Amino acid sequence: MPMLRTGKRRILAGILIGLTFLSSIILGLGVGFFLSGSHNTDVRGDLSSYKPALPTQILDRNGELITEIFSDEKRDIVPIDELPRDFLYALISREDSNFYYHRGVDFGQFFRAAFNIITGRYFSGFSTLTMQVAGRHYADRSEISIKRKLKEIWYAFQFERDLSKDEILEIYVNQMYFGHNAYGVESASQFYFGHSARDITIAESAILVVQLASPAFYSPINHPERARARQIDVLNQMVNLGYVSRSEADISFQQYWDSYNYTRSNISSAYFDNDSKAPYFSEYVRIQLNDMLYGAVDINKDGYIVNTTLDLGYQAIADNIMNKAFHSINERYKTKSDSRLAIVDETYVPVIDMLGLIFNLEDIQVAGSKQKKAARNEFYKTLSPTLEVMSLMFGLEGVKDLTSYAAYKDQLSAKKTTVEGALITIDNHSGHIMSMVGGSDFETKKYNRAVDAKIQPGSSFKPLYYSAAIGSGKFTTATRLYDGPIIFYDDGGKKYTPTTYLGSWKGSVLLRYALATSMNVPSLQVLEGLGFEPAIERASRLLGMEDQADNRTLFPRSFPLGLGITSVAPINMARAFATFPNQGKAVVPIAVISVLDRNGNIVLEPEKERLREQQRNRGKDGEIMTPQNAYIMVSILQSTVEFGTLKWRRINIGGFDGMPMAGKTGTTQNWGDAWTVGFSPYYTTAIWFGFDTPGNSLGRELTGATAAGPVWAEYMKTIHAGLPRIEFQKPETGLVEMKVDAISGLLPTSECDEGLVDEIFILGTEPKTFCDIHPFEKERDENLIEGLQDILLIEDFGVDTFDLNSLSTDLFSSDIPDLDLGSLLDDDTAETNTDANPLLD
């Protein structure tokens with residue numbers, strides 16, 4: 001056995017020697033061949049004459065310029081001797097541990113890489129820091145070829161000949177891409193940590209060098225856990241190489257994560273200095289490009305042409321309508337808030353203060369605290385900006401710290417009291433993003449709420465699991481439900497008692513009416529009958545969040561989930577609803593159609609790549625529900641516009657000029673968020689209004705139907721003006737249309753004289769039994785009349801003048817008379833049976 005092992009070792013050693021010898025010959029021949037057509041390069045002279053290239057142009061779907069992404073390449077250069085040595089050690093540990101010992105090429109790393117590739121173990125690179133700098137200036141690093149590597153090797157030798165190691169390092173750290181549009185270590189440090197690269201710690205150094213490998217994948221802002229794992233690897237390497245001690249690494253690591261700001265996950269880019277006709281969309285595209293082309297290119301200077309899906313005409317309409325809405329809704333919110341506060345100030349504050357003075361209860365005395373609050377607000381709004389200018393003029397650091405804190409507090413207050421919003425429109429079939437509004441002011445805050453916000457959807461979430469209930473066959477559009485006080489128990493025995501808007505109940509209702517008018521209790525009956533797991537499976541797929549279906553914080557297995565207790569972005573809701581008019585096939589939002597280089601060559605075609613993937617899968621993976629299931633959901637959501645929570649929105653704008661529309665409103669707990677998500681046969685639009693900081697209330701006057709609904713209706717009517725009127729696509733088979741009793745949802749009999757309705761069913765789920773409610777009522781009424789006649793001697797007392805049929809119906813009806821909300825609220829604020837706390841529309 002020992003002899004056998006020795007023989008294997010000899011064979012392996014022979015193979016390694018042979019591979020090394022062969023690799024050396026190939027490398028030598030390659031470099032020699034390349035050098036035969038080259039000449040010595042004046043690296044220092046080339047660097048001094050280095051000029052920026054062309055900006056990247058972002059075009060809309062019609063070829064109109066949206067914006068240009070560019071940088072003048074004027075870096076904030078940091079001399080190498082001003083950077084902490086820990087950062088340089090981290091860089092060398094991660095990227096090129098033998099940097100100070102090789103002359104441009106690390107042959108040991110080269111042979112290891114060659115062996116790994118030849119033996120098929122894994123693909124590993126061998127580029128040194130010098131080779132990366134050389135490749136950036138003299139080769140196309142997006143090209144994967146032997147020729148490019150030979151160029152990098154040759155020019156690496158030239159760099160090492162003409163420049164010192166520190167000069168090479170200085171070029172590297174001031175030019176390389178660190179993610180989020182941050183080029184150079186100073187820009188990256190300012191963006192990630194908020195301070196100069198001159199002050200970065202050991203742990204921060206490790207975070208930065210991790211970005212060089214894959215900034216989109218290891219972003220500490222978008223993917224903190226991934227960045228953390230790689231950060232640990234770099235710190236371990238630094239300890240193993242003796243650059244820092246274990247205690248220094250551990251302490252710095254702990255301090256970094258103890259102070260880590262997880263709320264920065266909404267920040268996408270280091271800067272966006274260029275004018276744009278669609279700033280939120282342009283920034284979204286910029287992020288997409290960085291993810292698609294990371295590392296090898298610089299979209300600020302490489303002159304790409306990016307063809308996108310946006311329609312600047314639709315974008316202008318969206319901007320105009322949303323800007324009016326921001327102003328109007330904030331004014332309405334402020335007026336109502338001031339009115340409520342005035343009542344408190346005039347009525348309750350004097351009483352509370354008097355009690356506090358009489359009984360010496362300082363904690364409840366509020367008059368003084370109100371004055372202090374007013375003084376603080378005056379300081380934040382008026383005095384602080386003036387003091388900040390003075391601090392900059394005279395170098396008053398203490399004053400600057402005070403004004404920075406004041407600005408921070410003012411921003412926090414604005415998040416709680418300024419109504420923000422978002423709008424996104426996508427094509428129902430292609431997923432093209434047609435317009436995008438991510439907030440009220442891009443320049444003030446580059447937070448794109450259309451794609452990055454995490455907001456509870458309220459009752460707009462209901463159609464997602466209703467679709468699964470319809471598809472299961474357990475429920476139909478005519479399933480009879482009950483709207484009244486009911487206690488629900490989840491699998492763990494936890495009790496939940498939903499309420500309804502203004503305390504009104506409808507009694508017996510059919511499923512279509514329950515969803516169109518957004519009833520809470522009937523909806524939870526649907527969720528209970530379906531089950532949490534099927535509901536979550538369907539909802540997560542529709543939202544494009546199937547990888548998070550097992551996240552019980554995001555999708556709790558409890559009844560509040562049925563009323564929208566989860567977190568989504570408007571883009572998720574838009575793709576979910578677009579599935580219905582797309583015959584049940586998944587709709588994946590897309591912004592970039594193609595990317596061309598400066599010479600017109602196609603670099604990327606994301607849309608064609610996606611279509612090819614769908615063809616390979618034969619479209620099956622993309623089908624979330626059957627076309628029949630989807631069409632029934634379209635039909636139900638059309639009822640929302642016809643007689644449900646969007647009825648008054650349709651009436652107020654004079655209809656949609658014959659274009660069919662469908663949708664759903666949603667309002668969250670305490671009236672904190674207002675949604676409307678709806679679609680035509682062409683497009684789906686999701687609109688949200690609320691606060692960046694949860695916890696505040698818009699008030700009962702600003703709901704999904706009264707705040708977001710009118711904006712959705714006006715916008716959808718405007719963008720569809722001039723488009724040919726088409727109907728929603730209806731499957732030719734698999735559906736059954738029939739009349740059913742309006743009360744029972746069953747087949748009508750001759751006694752069903754209270755009304756029939758036309759309904760649609762998936763074939764096989766249609767009702768097959770006759771209505772048994774009205775025959776029972778008729779027999780019951782006849783028996784009642786007989787009894788009354790015997791008791792009251794009806795023929796003697798002339799009681800036949802009373803309507804006994806009506807009397808019996810009133811006595812025995814299970815339905816509570818409808819509450820006419822229109823008599824309580826005017827058309828601008830009323831909704832049809834909208835839901836109340838905890839969720840309403």
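Residues numbered from 1 in each chain as written. Predicted model: local features only at pLDDT ≥ 70, side-chain atom pairs only at ≥ 80, totals over all residues. Heavy atoms only, no water.

## So, the overall build of the protein
Stated formally: By the criteria applied, helices consist of DSSP H or I runs no shorter than four residues and strands consist of E runs no shorter than two, each listed in order from the N terminus. In what follows, a contact means two residues having at least one pair of non-hydrogen atoms within 4.5 Å.
Broken down by element type, the protein carries 29 helices and 16 strands. A separation threshold of at least 6 residues defines the contact pool for the protein, and within that pool the share at least 24 residues apart is 72%.

## Remarks on unusual backbone geometry
Inclusion rule: Note on exposure labels: buried denotes an accessible area under 20% of the residue type's maximum, exposed denotes more than 50%, and partly exposed covers the range between, all computed with a 1.4 Å probe on protein chains only.
Non-glycine residue Gln583 carries a positive phi angle of around 60 degrees. Here Gln583 falls in the buried class, since its relative accessible area comes to 17%. Within the chain, Asn670 stands out as a residue other than glycine whose phi angle is a positive 65 degrees. On the secondary structure map, Asn670 appears in the loop between strand S12 (662-667) and strand S13 (674-679). Since its relative accessible area comes to 35%, Asn670 is described here as partly exposed.

## Some thoughts on the packing of helix H9 (residues 202-211) against helix H10 (residues 224-240)
Operational definition: Here, axes are lines fitted to C-alpha atoms. For helices the fit covers the stretch in contact, and angles between N-to-C directions go from 0 to 180 degrees. Working definition: roughly parallel below 35 degrees, roughly antiparallel above 145 degrees, roughly perpendicular at 65 to 115 degrees, and oblique for all remaining angles. Left-handed describes a crossing whose near helix is turned anticlockwise from the far helix by less than a right angle; the clockwise case is right-handed.
Their axes nearest at 9 Å, the elements H9 and H10 cross at an angle of 115 degrees. Taken together, the axes of H9 and H10 are roughly perpendicular relative to one another. Read as a crossing pair, H9 and H10 show a hand that is right-handed. Listed contacts from H10 to Ile202, Ala203, Ala206, Ile207, Val209 and Val210 of H9 are Ala227, Arg230, Gln231, Val234, Leu235 and Met238.

## Description of the sheet that holds strand S2 (residues 65-69)
For clarity, the cut-off: Two strands qualify as a pair provided that DSSP identifies no fewer than 2 bridges between them.
Taken together, five strands build an open sheet; the order of strands is S2-S1-S3-S10-S11 and the sheet is mixed. Strands at the two margins of the open sheet, each flanked by one partner only, are S2 and strand S11 (602-604). The average undirected angle you get between the axes of adjacent strands in this sheet is 25 degrees. The pairing of strand S1 (residues 56-59) with strand S3 (residues 305-308) spans three bridges and is classified as parallel. Within S3, the position partnered with Ile58 by the bridge is Val306.

## Notes on the pattern of salt bridges
Any two side chains of opposite charge can pair if their charged atoms end up close together. Rules: For salt bridges, the criterion is a side-chain nitrogen of Lys or Arg within 4 Å of an Asp or Glu carboxyl oxygen.
In this structure the tally under the stated criterion is 19 salt bridges. The closest approach of N and O atoms between Arg725 and Glu727, which form a salt bridge, is 2.5 Å. Among the residues examined, Glu727 registers a relative accessible area of 49% and is labelled partly exposed. Salt bridges here are not isolated pairs; linked through shared partners, they connect Glu82, Glu186 and Arg198.

## A short note on the state of the cysteines
Selection rule: Defined by distance alone, a disulfide is two cysteine sulfur atoms within 2.5 Å.
Scanning all chains against the criterion turns up zero disulfides. Between Cys752, a free cysteine, and Cys771, which holds the nearest cysteine sulfur, the sulfur-to-sulfur gap is 3.6 Å. On the basis of relative accessibility, which here comes to 4%, the residue Cys771 falls in the buried class.

## A closer look at the environment of Ala674
When you line up the elements, Ala674 lands in strand S13. Exposure remark for Ala674: the relative accessible area of 0% places this residue in the buried category. The sequence separation of Ala674 and Trp688 amounts to 14 residues, and the corresponding C-alpha distance is 5.7 Å. Ala674 has contacts with Gly666, Ile687, Trp688, Phe689, Leu698, Leu702, Thr703, Gly704, Ala707 and Ala708, leaving out every residue within four places of it along the chain.

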